[in-house]
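Listed below are the residues making up each chain.
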Amino acid sequence: MATTPGFPLSLMDPTLWLRSWATLPPFALNYLDQPILPGWTFNINSNNSSSPQTEAQVVAKHSYGRQLGRMADVLELLVVERYGKAPQEKKLTDFLSMKHEIDDVKREAAAARLEQIPKDLALIKMHDEQQYTRLREALLQALRSE
């Protein structure tokens, strides 16, 4: 059998080695890579989850951010209900401060997305008048229903 000098993974010719992988049956998803922030990822695999396939299905329906956001909303409600808006315990005030900062970031991001709409509409108008008219009417309808 011919070998390729310098191929460290085996004594087998690399092309034969790669072809041998192609003959294996496909496996079920056992790995999920979900980007949360640019440069950040959370990996789900059998090393950190007892059921990576189930966890991948859950994350496909409700991202980690959505799950954490909903839990934070409920926790804020419970803290304020029990201790008021200015609890004495530092851990609780730290949590509420963090939650309010996150809410501010979400509002700022929403405002930035809305500020982009006129630019996007102008671009669409230049290239597709019919789509522009449809989207413009949908936006006006949304604003009227407020």
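Everything numeric here is computed off the predicted structure, so don't read it as measured data. Throughout this description, residue numbers start from 1 for each chain and increase along the sequence as written. It should be noted that, the model being predicted, local features are given only for residues of pLDDT at least 70 and side-chain atom pairs only at 80 or more, the latter also being counted only at that level, while totals for whole chains, interfaces and linings use all residues. With hydrogens and water set aside, each side-chain value is computed from the structure's full complement of heavy atoms.

### Let's talk about the overall build of the protein chain
Part 1 of the reasoning: By definition, any uninterrupted DSSP run of H or I lasting at least four residues is a helix, any uninterrupted run of E lasting at least two residues is a strand, and each is numbered from the N terminus. When you go through the protein chain residue by residue, the secondary structure sums to five helices and two strands.
Part 2 of the reasoning: For the protein chain, the N- to C-terminal ordering of α and β elements is α-β-β-α-α-α-α.
Part 3 of the reasoning: Burial here depends on accessible area, computed with a 1.4 Å probe over protein chains only, as a share of the maximum for the residue type. Under 20% is buried, over 50% is exposed, and the range in between is partly exposed. A buried classification covers 16% of the 146 residues belonging to the protein chain.
Part 4 of the reasoning: Throughout, a contact is declared for two residues whenever any of their heavy atoms are within 4.5 Å. Sequence-distant contacts, at least 24 apart, represent 16% of the contacts inside the protein chain between residues at least 6 apart.
Part 5 of the reasoning: Accessible areas in this description were obtained via Shrake-Rupley with a 1.4 Å probe; residue shielding takes into account the shown protein chains only. Of the accessible surface of the protein chain, which amounts to about 12,200 Å², a share of 61% is contributed by carbon and sulfur atoms.

### Here's the deal with helix α2 (residues 52-61)
Part 1 of the reasoning: Among the residues making up α2, those that are buried are P52, A56 and V59. The buried residues of α2 occupy one face: seen down the axis, they fall within an arc of 65 degrees. Facing away from the buried side of α2, by more than 90 degrees, are the exposed residues Q57 and K61. This arc is built from the directions going out from the helix axis to the C-beta atoms.

### Quick look at the pattern of salt bridges
Part 1 of the reasoning: Between Lys or Arg on one side and Asp or Glu on the other, a salt bridge is scored when a side-chain nitrogen of the former is within 4 Å of a carboxyl oxygen of the latter. By the definition in use, this model includes six salt bridges.
Part 2 of the reasoning: Linking D73 and K99 is a salt bridge whose minimum nitrogen-to-oxygen distance equals 2.8 Å. Of this pair, D73 sits in helix α3 (residues 64-83) while K99 sits in helix α4 (residues 90-127), and the two are 26 residues apart along the sequence.
Part 3 of the reasoning: Each of D73, E76, K99 and D103 takes part in one network of salt bridges that share partners.

### Let's talk about the packing of α3 against α4
Part 1 of the reasoning: Angles here are taken between N-to-C directions and fall from 0 to 180 degrees, while the axes themselves are lines fitted to C-alpha atoms, restricted in helices to the stretch in contact. Closest axis-to-axis distance for the α3/α4 pair is 11 Å, and the angle between their directions is 135 degrees. Looking at the two axes, α3 sits oblique to α4. As α3 packs across α4, the resulting crossing turns out to be left-handed. For the pair α3 and α4, the contacting residues are A72, D73, L75, E76, V79, V80 and Y83 in the first and L92, F95, L96, K99 and H100 in the second.
Part 2 of the reasoning: In the contact of α3 with α4, the residues fall into eight nonpolar, one polar and three charged. Angular relationships are summarised with four words: roughly parallel below 35 degrees, roughly antiparallel beyond 145, roughly perpendicular across 65 to 115, and oblique for the angles in between. In a left-handed crossing the near helix is turned counterclockwise from the far helix by less than a right angle, and in a right-handed crossing that turn is clockwise. Nonpolar residues are Ala, Val, Leu, Ile, Met, Phe, Trp, Tyr, Cys and Pro. Charged residues are Asp, Glu, Lys and Arg, and all others, Gly as well, are polar.

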